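Descriptive analysis of the structure
The primary structure of each chain is shown beneath.
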Amino acid sequence: MFKVKKQPDRSFWTEVVVHVPNDSGGTTKVDYDIKFNLLTKAQEDELLKNPTDEYPEVWFRAHVCGWKRIEDEDGKAIDFSMENALLFLFEDPPHRLAIEQTYYRATNGQRRKN
């Protein structure tokens with residue numbers, strides 16, 4: 001049964017796994033949880049109306065709304081803010097791409113491989 005809520009919470013948490021290039025020529029696996037806004041079709045269509053060079057950042061700002069398990073070098077949790085998210089995740093291509101791919105996998109019903 002599917003029950004329609006009057007004002008549904010359209011956000012969800014999911015794990016993001018990133019393979020970050022390291023100094024030895026390989027990659028290091030890191031993971032954390034991202035909270036996403038699940039946009040409606042109308043909201044997605046609105047984003048697509050103005051495809052510009054800024055579209056990736058516009059997409060990121062519209063979809064990413066929280067994180068867990070992101071820490072500084074001393075192991076202290078870093079509070080989520082859009083400014084921090086842009087600095088630490090959006091500006092780093094492996095993280096940005098992994099976040100986008102994770103969102104689309106999650107919203108298309110695909111499960112992440114272990």
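Only a predicted model underlies this, so the values are computations on that prediction, with no experimental measurement involved.

Digging into the sheet that holds strand β3 (residues 64-68)
Taken in spatial order, the 3 strands make up an open sheet running β1-β2-β3, and their pairing is antiparallel. Of all strands in the sheet, those bounded by a partner on one side alone are β1 (11-21) and β3. In this sheet, adjacent strand axes meet at a mean angle of 35° when their direction is disregarded. Looking at chain direction, strand β2 (residues 27-37) and β3 are connected through 4 bridges and run antiparallel. Bridged to I34 within β3 is W67. Helix α3 (residues 82-90) rests against β2 and β3 of the sheet, and its axis sits at about 75° to β3.

Re the packing of α3 against helix α4 (residues 93-107)
At their nearest, the axes of α3 and α4 sit 7 Å apart, and the two run at 105° to each other. Considered as vectors, α3 and α4 are oriented roughly perpendicular to each other. Counting all contacts with α3, which are made through F88, L89 and F90, the residues of α4 involved are H95, R96 and I99. A breakdown of the residues in the contact of α3 with α4 according to their chemical character gives 4 nonpolar, 1 polar and 1 charged.

Quick look at the side chain of R96
Relative to the elements of secondary structure, R96 occurs in helix α4. Nearest to the buried, unbridged R96 among oppositely charged side chains is E100, at 4.5 Å. Excluding anything up to four places from it in sequence, R96 contacts L89, F90 and E91.

With respect to the confidence of the model for the protein chain
With 89% of its residues at a pLDDT of 70 or more, the protein chain has an overall mean of 89. Mean pLDDT across the elements of the protein chain bottoms out in helix α1 (residues 41-48) (88) and peaks in β3 (97).

A short note on unusual backbone geometry
Phi is positive for R69, close to 65°, though the residue is something other than glycine. Turning to its location among the elements, R69 is positioned in the loop between β3 and α3.

With respect to the pattern of salt bridges
Counted under the stated rule, the structure contains 6 salt bridges. Between R69 and D31 there is a salt bridge, with the nearest N and O atoms lying 2.5 Å from each other. Highlighted residues: R69 in the loop between β3 and α3 and D31 in strand β2, separated in sequence by 38 residues. For R69, a relative accessible area of 43% puts it in the partly exposed group. E46 is the partner of K49 in a salt bridge, and the nearest nitrogen-oxygen pair spans 3.3 Å. E46 sits in the partly exposed class, given a relative accessible area of 45%. Each of E15, D31, D33 and R69 takes part in salt bridges that share partners, so that together they form one network.

Cut-offs used in this document
- Residues numbered from 1 in each chain as written.
- Predicted model: local features only at pLDDT ≥ 70, side-chain atom pairs only at ≥ 80, totals over all residues.
- Heavy atoms only, no water.
- Pairing = 2+ DSSP bridges.
- Helix = DSSP H or I, 4+ residues; strand = E, 2+ residues; numbered from the N terminus.
- Axes fitted to C-alpha atoms, helices over the stretch in contact; angles between N-to-C directions.
- Contact = heavy atoms within 4.5 Å.
- Parallel < 35°, antiparallel > 145°, perpendicular 65-115°, else oblique.
- Nonpolar A, V, L, I, M, F, W, Y, C, P; charged D, E, K, R; others polar.
- Buried < 20%, exposed > 50% of the residue type's maximum accessible area, 1.4 Å probe, protein only.
- Lys, Arg positive; Asp, Glu negative; His and termini not counted.
- Salt bridge = Lys/Arg side-chain N within 4 Å of Asp/Glu carboxyl O.
- pLDDT = per-residue confidence, 0-100.

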